[in-house]
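Letter by letter, the chains look like this.
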Amino acid sequence: MAEEVKLFRTWSSPFPLRIIWAMKLKGIEYETIFEDLSNKSHLLLHYNPVYKKVPVLVHNGKPISESLVILEYIDETWKQPPLLLPEDPYERAMARFWAKFCDEKVLPPVADVLVTQGKEQEAALAQHMENMKRVEEELKGKKFFGGEAIGFADIAYGWMANLLSVMEEVTGLKLTDAEAFPAISTWLQSFSDVPLIKENWPPREKLVSKYQAFREKRLALAAEATSK
Amino acid sequence: MNEKDELILLNSWASPFGARVRIAMAEKGINQYELREEDLFSMSPLLLKMNPVHRKVPVLIHNGKPICESMNIVQYIDEVAVFNGKPALLPPDPYSRSKARFWADFIDQKVYGTMRKITRNRGEEQVRAKEELIETLKVLERELGEKPYFGGEFGFVDIALVPFYSRFYAVETLGNFRIEAECPKLVAWARRCLLKETVSNSLPDPLKVYEWVLYVNDKFGIKQN
């Protein structure tokens, strides 16, 4: 049977990008369906009724949602190298732990830094720096989270390699530091240097404009809410 | 994994997350392990060393190496403990596994935090949290459908959710509502799970959990009115 693989994505979201990287790493052919999240398609709502978000991978008509879940599905379904998750169960548990830490702990303060100002933003930035220390510890002595080649956790943290600098440009704040976080800085460079990563970033200027507009909108909403 | 392996589970008796691991261990026939009770208000040096990032239970220490995060531990146990006749906790095919992981993650995101909002808040915040919890449980009820367990057979998603049943009494009492009235099929599912010894031996007494919640609230200066 011919394989039918479809990926629902937006041009900018870093989560579908994880799936694109994984599929390109494994040489999987797929069809892209772009979504406008302000006007979601019937198909997206049908395939992801619980969250109504991207990415959704549809493989021979069967939908899978949540990017980390999709990555594991890809690794288990298309078993050709490279393996995204290590073979050793303990290393797998470590990769899953750090990927979860990324989504549950690292991402939210960065998002908060983007949409807040003043004391709230300071607190979010402080939390972000704490998280960075943890990640720095984990990356010490390693080229990638996965060792010599990129893997599950690298794909999870991959958004940092372009979005941190985009956020820095939008907010005027430093989100990383080569002196304080040398292992992370090296990793950011090594990750970005992987050809398929380099080739698949969304257009930077467009991202800066988008996040700038988003920040302004959220700040305006917050100001309205407090002035009521 | 064999009898020579050293297994320590750092746990707290009231923790639904720890209960997940206890159920999984029992399901896999792993009975030779040391269960160490942690006082979450006075954590042991071992816990702080083994889980410096989150400083939480449960932590499974396998031959000196720590694994943290409950469903992560459950997956790990499933992968290393392959014994004759003992069930796999995740189904064999990738699509069913992806669904199991999806729902376990959904439960992680939506259940505990909302329950805590109900037990720690009053007024508007509590009302909103109650609505949120019922909505979440209804989504889960729909996913369960007519199946006896989430995966057909007892497994990953059931393990992820059933420990929260021990908190229902606390949440219902402090929130003044009945979950069974809104989600009868889900409560029936939980009772079905409790018929299994691996579950009933691993879950704390709901009344004791309720007293514990009151104790913790008191420590945080939350009034019970």
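Whatever comes next refers back to the structure up there.
Residues numbered from 1 in each chain as written. Chains lettered and ligands numbered in written order. Predicted model: local features only at pLDDT ≥ 70, side-chain atom pairs only at ≥ 80, totals over all residues. Heavy atoms only, no water.

(A) Representation of helix H12 (residues 206-219) of chain B in the model. All names here are of chain B. Over its 14 residues, H12 runs 20 Å from end to end, which matches the ideal 20 Å to within 8%, given 1.5 Å per residue. Along H12, the residues that are buried comprise Val209, Tyr210, Trp212, Val213, Val216 and Asn217. Taken end-on, H12 shows its buried residues confined to a sector of 160 degrees, consistent with a single buried face. Away from its buried face by more than 90 degrees, H12 exposes Lys208, Glu211 and Asp218. Where H12 is buried, its residues contact helix H5 (112-120) and helix H8 (165-175). (Helix = DSSP H or I, 4+ residues; strand = E, 2+ residues; numbered from the N terminus. Expected span 1.5 Å × (residues − 1). Buried < 20%, exposed > 50% of the residue type's maximum accessible area, 1.4 Å probe, protein only. Arc of directions from axis to C-beta. Contact = heavy atoms within 4.5 Å.)

(B) Inspection of empty space enclosed by the protein at higher detail. On inspection of all chains with the given rule, the structure shows 1 cavity of 30 Å³ or more. Of the pockets and cavities examined, the largest cavity occupies roughly 30 Å³. Surrounding the largest cavity, A:Phe97, A:Lys100, A:Phe101, A:Glu104, A:Lys105, B:His54 and B:Glu69 form its lining. The residue makeup of the lining of the largest cavity, split by class, is 2 nonpolar, 1 polar and 4 charged. (1 Å grid on protein atoms, 1.4 Å probe; cavity = no way out; pocket = protein on both sides within 12 Å on 5 of 7 lines; lining within 4 Å. Points joined across faces, edges and corners; volume = space filled by probe spheres on them. Nonpolar A, V, L, I, M, F, W, Y, C, P; charged D, E, K, R; others polar.)

(C) Here's a closer look at the sheet that holds strand E4 (residues 62-65) of chain A. Residue and element names in this part refer to chain A. Pairing in this open sheet of 4 strands is mixed, and the strands run E2-E1-E3-E4 from one edge to the other. Whereas interior strands pair on both sides, the edge strands pair on one side only; in this sheet they are strand E2 (31-34) and E4. Across this sheet, the average inter-strand angle for adjacent strands is 20 degrees, counted without regard to direction. Pairing between strand E1 (residues 5-9) and E2: 4 bridges, direction parallel. Bridged to Arg9 within E2 is Phe34. (Pairing = 2+ DSSP bridges. Axes fitted to C-alpha atoms, helices over the stretch in contact; angles between N-to-C directions.)

(D) Main features of the interface of chain B and chain A. Contact residues are listed per partner, giving 26 residues for chain B and 25 residues for chain A. Taking both partners together, chain B and chain A bury about 2,400 Å²; carbon and sulfur atoms supply 60% of that area. Together, B:Val53, B:Tyr95 and B:Phe102 form the three largest contributors to the area buried by chain B at its contact with chain A, with a combined 25%. Run the count over chain B and chain A and you get 7 salt bridges. (Buried area = accessible area lost by both parts, 1.4 Å probe. Salt bridge = Lys/Arg side-chain N within 4 Å of Asp/Glu carboxyl O.)

(E) Quick peek at unusual backbone geometry. Backbone torsion omega between A:Val54 and A:Pro55 reads 0 degrees, so that peptide bond is classified as cis. Mapped onto the secondary structure, A:Pro55 falls in the loop between helix H2 (42-47) and strand E3 (56-59). The step from B:Val57 to B:Pro58 runs through a cis peptide bond, and the omega angle for that step is 0 degrees. Looking at the secondary structure, you find B:Pro58 in the loop between helix H2 (45-50) and strand E3 (59-62). Backbone geometry places B:Glu69, a non-glycine residue, at a positive phi of 80 degrees. Classification of B:Glu69 as buried rests on a relative accessible area of 17%. Backbone geometry at B:Asn176 places phi at a positive 55 degrees, although glycine is not the residue there. Counting through the fold element by element, B:Asn176 comes out in the loop between H8 and helix H9 (179-182). The class for B:Asn176 is exposed, based on a relative accessible area of 69%.

(F) Fine view of the nonpolar core. Counting residues in hydrophobic clusters, the biggest one holds 76 residues, and the most contacted among them are A:Leu57, A:Ile74, A:Tyr157, A:Trp159, A:Met160 and A:Trp187. At 12 residues, the largest contribution of residues to this core is made by helix H4 (residues 89-115) of chain A. Among residues more than four places away in sequence, those in contact with A:Leu57 are A:Val5, A:Lys6, A:Leu7, A:Ile19, A:Met23, A:Lys62, A:Pro63, A:Ile64, A:Ile70, A:Tyr73 and A:Ile74. Counting residues in hydrophobic clusters, the runner-up holds 61 residues, among them A:Ala93, B:Met71, B:Val74 and B:Val171. (Core = buried A, V, L, I, M, F, W, Y, C linked by side-chain atoms within 4.5 Å.)

(G) Representation of the sheet that holds strand E2 (residues 34-37) of chain B. Residue and element names in this part refer to chain B. Taken in spatial order, the 4 strands make up an open sheet running E2-E1-E3-E4, and their pairing is mixed. Both outer strands of the open sheet, E2 and strand E4 (65-68), are each paired with one neighbouring strand and no more. Across the sheet, the axes of successive neighbouring strands diverge by a mean angle of 20 degrees, strand direction being ignored. The sheet contact formed by strand E1 (residues 7-11) and E2 spans 4 bridges and is parallel. Looking at E2, one finds that Asn11 is bridged to Glu37.

(H) Quick look at the side chain of A:Lys26. Residues and elements named next belong to chain A. Mapped onto the secondary structure, Lys26 falls in helix H1 (residues 14-26). By relative accessible area, which is 5% here, Lys26 ends up buried. Of the polar contacts made by the side chain of Lys26, one reaches the backbone oxygen of Trp78; its length is 2.8 Å. In this view, Lys26 contacts Ile74, Asp75, Trp78, Lys79, Gln80, Pro82, Leu83 and Leu84; residues no more than four positions away in its chain are not counted. (Polar contact = N/O pair within 3.5 Å; in protein donor to acceptor, adjacent residues only side chain to side chain.)

(I) The packing of H1(A) against helix H3 (residues 67-77) of chain A, seen in detail. Residues and elements named next belong to chain A. Interhelical geometry of H1 versus H3 gives an angle of 10 degrees and a closest axis separation of 9 Å. As judged from the angle between their axes, H1 and H3 are roughly parallel. Of H3, the residues touching H1 (which contributes Phe15, Arg18, Ile19, Ala22, Met23 and Lys26) are Ser67, Leu68, Ile70, Leu71, Ile74 and Asp75. (Parallel < 35°, antiparallel > 145°, perpendicular 65-115°, else oblique.)

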